[in-house]
Amino acid sequence: DLYRLNPCNEARFVEVCLGVQAIVTVEEHGRTGGIGSLVGRLLSEQGIHIPFKCLSLGDEILFGSASRSWAHAQYGLEKENLMDTFRQMAMSSMAV
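Quantities reported herein were computed from a predicted structural model and do not represent experimental measurements.

**Some details on the environment of Leu 18**
Phase 1: Its place among the elements puts Leu 18 in the loop between α1 (10-17) and β1 (23-26).
Phase 2: With 32 residues separating them along the chain, Leu 18 and Ile 50 place their C-alpha atoms 8.8 Å apart.

Right, dumping it as structure tokens:
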């Protein structure tokens, strides 16, 4: 359950990114300020151009108002949707 990465070893991050074909972050967190935000910022700042997708619970406040399964279904975080996204990202990385 990683929700924050601080401090971030940016040099190691760049090293790892140069060895992958695509990145997908998945988090039960808001879109803003989560791991996806960090990854997107670092990719941009470092000029790393690989397919990237951030999946999250959006920026709505859901505290105590919804079940986990409802939130997953609402925001595309169910297993089947995740697998589809991973496949799409793998295919898009092959086209680059």
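**Details of the environment of Asn 6**
Phase 1: By secondary structure assignment, the location of Asn 6 is in the segment before α1.
Phase 2: A relative accessible area of 62% places Asn 6 in the exposed class.
Phase 3: Considered as a pair, Asn 6 and Thr 85 are 79 residues apart in the sequence and their alpha carbons are 27 Å apart.

**Overview of helix α2 (residues 35-46)**
Phase 1: A rise of 1.5 Å per residue sets the reference length of α2, with its 12 residues, at 16 Å; its end C-alpha atoms lie 16 Å apart and thus fit the reference within 8%.
Phase 2: Looking at the buried side of α2, the elements it contacts are α1, β1 and β2 (52-55).
Phase 3: Gly 47 sits one or two positions beyond α2 and adopts a positive phi of about 70 degrees.

Here is what the cut-offs are and how they apply
In every chain, residue numbers begin from 1 and rise along the written sequence. It should be noted that, the model being predicted, local features are given only for residues of pLDDT at least 70 and side-chain atom pairs only at 80 or more, the latter also being counted only at that level, while totals for whole chains, interfaces and linings use all residues. To obtain the side-chain values, all non-hydrogen atoms of the structure were included, while hydrogens and water were left out. By the criteria applied, helices consist of DSSP H or I runs no shorter than four residues and strands consist of E runs no shorter than two, each listed in order from the N terminus. The buried label applies to any residue whose accessible area, calculated with a 1.4 Å probe on protein chains only, is under 20% of its type's maximum; exposed applies above 50%, and partly exposed to all values in between. Expected span of a helix, by definition, is 1.5 Å for each gap between consecutive residues, and there is one gap fewer than residues. Here, residues are in contact when the closest pair of their heavy atoms is within 4.5 Å.

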